[in-house]
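Structural description and commentary
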Amino acid sequence: MEKILITGGAGYIGSHTAVALYEAGYQPIIIDDFSNSEKSALDGLKKITGKETPCYEGDCNDVILMDKIFTENQLSGVIHFAAFKAVGESTQLPIKYYKNNINSLLVLLETMEKHGVENLVFSSSCTVYGQPDQLPVKEITPRKDAESPYGNTKKICEDILSDQVKSKARLSAIALRYFNPIGAHASSHIGELPIGVPSNLVPFVTQTGAGIRKELTVFGNDYDTPDGTCVRDYIHVMDLAEAHVKAITYLKDKKSPFYDWFNVGTGKGNTVLEVIETFEKVSGKPLNYTVGPRRPGDVVKVWADTEKINHELGWTARFNLEDALRDSWNWQLNLSGNSSS
Ligand SMILES: NC(=O)c1ccc[n+]([C@@H]2O[C@H](COP(=O)([O-])OP(=O)(O)OC[C@H]3O[C@@H](n4cnc5c(N)ncnc54)[C@H](O)[C@@H]3O)[C@@H](O)[C@H]2O)c1
């Protein structure tokens, strides 16, 4: 089995990608420092796959540890998830974000070069588009100034990949620009584990549904959208996981140096109120919410043009909003120790 290193593999998207890699016949190897995840994710992964996934506990900024992993494993590629991702915190602690998110990529690229590993899939984000002038947003759309240090780290990392490839380094890289990942594995053994108060909509919705939060605040209902609330492209995390498998497989046939980037979304936008309504439908519960003022810095509407990834990687989202919210809710029930049926 070909080995793929997943940095940040115990996290939300990484753990689901490990499942998808097994399904496609790869052997995932994880490195995670558990700064934003729990070891229980590895137990969940084992319940789903029946396999113990090799995991190195540590920081991927650690040059010696990274060298050890590459020496002990003949890797055919790397998927780099490890990063800090809290937009709000990044505005308070920018150095923490620049240091971890950028340096970990630099250490990784040097280690890959040293060991002759060429294929890399990088976690980027639709945040690099800001509020696009045209929708749906295509990959050729110029990126805008980042709204936060977190967003800036994604832009800088994309630029590092591009510069490295321009230098004719032996690197074949794809940046996947995720839209809004939600949902969980259908088994409810793995899912999103937000630490503290969630800043993303769906974990806040499910926690409110479960009674952990008293009330959800919808930030503004007077935007220029069908019902006045913000629009996002919500993508099921298992669809997103499969996009990584397609990307790493696609790179095997690409001669280095190579760099390209793809949107990963459903191609459809949903408003906050549509998310709430759909959640109420799948959970059978009314959601306690109130409308508050707009939140500064929020993009009003964004959804993906998915033609490039559909055609070039042969990937299309299979799940819709209802599927994703049902899986998010079942995961929440599992966390809260209940069962949906
Ligand atoms: N979830 C989203 O909404 C979203 C959207 C766009 C892009 N992304 C990007 O996707 C990637 C994965 O996101 P996620 O939602 O799974 O986040 P997550 O926090 O659940 O997973 C990241 C994992 O990386 C680990 N990690 C962080 N820094 C590390 C380091 N230096 N060494 C080793 N491990 C480290 C954390 O412990 C965590 O397990 C991140 O790069 C994130 O910026 C996420």
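Residues numbered from 1 in each chain as written. Predicted model: local features only at pLDDT ≥ 70, side-chain atom pairs only at ≥ 80, totals over all residues. Heavy atoms only, no water.

The alternating pattern of strand E8 (residues 216-219) places Leu-216 and Val-218 on a buried face and Thr-217 and Phe-219 on a face that is not buried. Where E8 and strand E13 (residues 289-292) come together, four bridges link them in parallel fashion. Residue pairing in the sheet places Val-218 in a bridge with Val-291 of E13. (Buried < 20%, exposed > 50% of the residue type's maximum accessible area, 1.4 Å probe, protein only. Helix = DSSP H or I, 4+ residues; strand = E, 2+ residues; numbered from the N terminus. Pairing = 2+ DSSP bridges.)

Bringing the sheet that holds strand E6 (residues 172-178) into the picture now. As summarised here, the arrangement of the seven strands in space is E3-E2-E1-E4-E5-E6-E11, forming an open sheet in which the pairing is parallel. Since the sheet does not close on itself, it has two edges, and those belong to strand E3 (55-57) and strand E11 (258-264), each with one partner. When strand polarity is set aside, the average angle formed by the axes of neighbouring strands in this sheet is 15°. Across five bridges, strand E1 (residues 3-7) lies against strand E4 (residues 75-80) in parallel orientation. Residue Thr-7 lies in a different strand from E4, and its bridge partner there is His-80. Here helix H3 (residues 63-72) sits on the sheet and contacts E1, strand E2 (27-32), E3 and E4; the angle it forms with E3, its principal contact strand, is near 165°. (Axes fitted to C-alpha atoms, helices over the stretch in contact; angles between N-to-C directions. Contact = heavy atoms within 4.5 Å.)

Of all residues in the protein chain, 99% have pLDDT values of 70 or greater, and the mean over the chain is 96. Confidence, read as mean pLDDT per element, is least for helix H4 (residues 87-92) in the protein chain (93) and greatest for E1 (99). (pLDDT = per-residue confidence, 0-100.)

Next up on the list: the pattern of salt bridges. In total, this model carries 21 salt bridges according to the counting rule given. Two residues, Lys-166 and Asp-163, come together in a salt bridge whose shortest N-O distance is 3.7 Å. Of this pair, Lys-166 and Asp-163 both sit in helix H6 (residues 149-166), separated by three residues, roughly a single helical turn. The network of salt bridges with common partners includes Arg-143, Glu-158, Asp-159 and Arg-177. (Salt bridge = Lys/Arg side-chain N within 4 Å of Asp/Glu carboxyl O.)

The next thing to look at is the packing of helix H1 (residues 12-23) against helix H2 (residues 40-49). Viewed as axis vectors pointing N to C, H1 and H2 meet at an angle of 25°, and their least axial separation amounts to 10 Å. Between H1 and H2, the interaxial angle falls into the category roughly parallel. The two elements H1 and H2 meet at a crossing, and its hand is right-handed. Residues Ser-15, Ala-18, Val-19 and Tyr-22 of H1 lie in contact with H2, whose contacting residues are Leu-45, Ile-48 and Thr-49. Across the contact of H1 with H2, the residue classes break down as five nonpolar, two polar and no charged. (Parallel < 35°, antiparallel > 145°, perpendicular 65-115°, else oblique. Left-handed = near helix turned anticlockwise from the far one by under 90°. Nonpolar A, V, L, I, M, F, W, Y, C, P; charged D, E, K, R; others polar.)

We now examine the packing of helix H5 (residues 94-115) against H6. The description of two helices packed together rests on the angle between their axes and the distance between the axes. Two numbers describe how H5 lies on H6: the axes approach to 9 Å, and their chain directions differ by 20°. What the angle tells us is that H5 and H6 run roughly parallel. The way H5 lies across H6 gives a crossing that is right-handed. Along the contact surface, H5 presents Pro-94, Tyr-97, Tyr-98, Asn-101, Ile-102, Leu-105, Leu-106, Leu-109 and Glu-113, while H6 presents Pro-149, Tyr-150, Asn-152, Thr-153, Ile-156, Cys-157, Ile-160, Leu-161 and Gln-164. Here the contact of H5 with H6 is built from residues that sort into 13 nonpolar, four polar and one charged.

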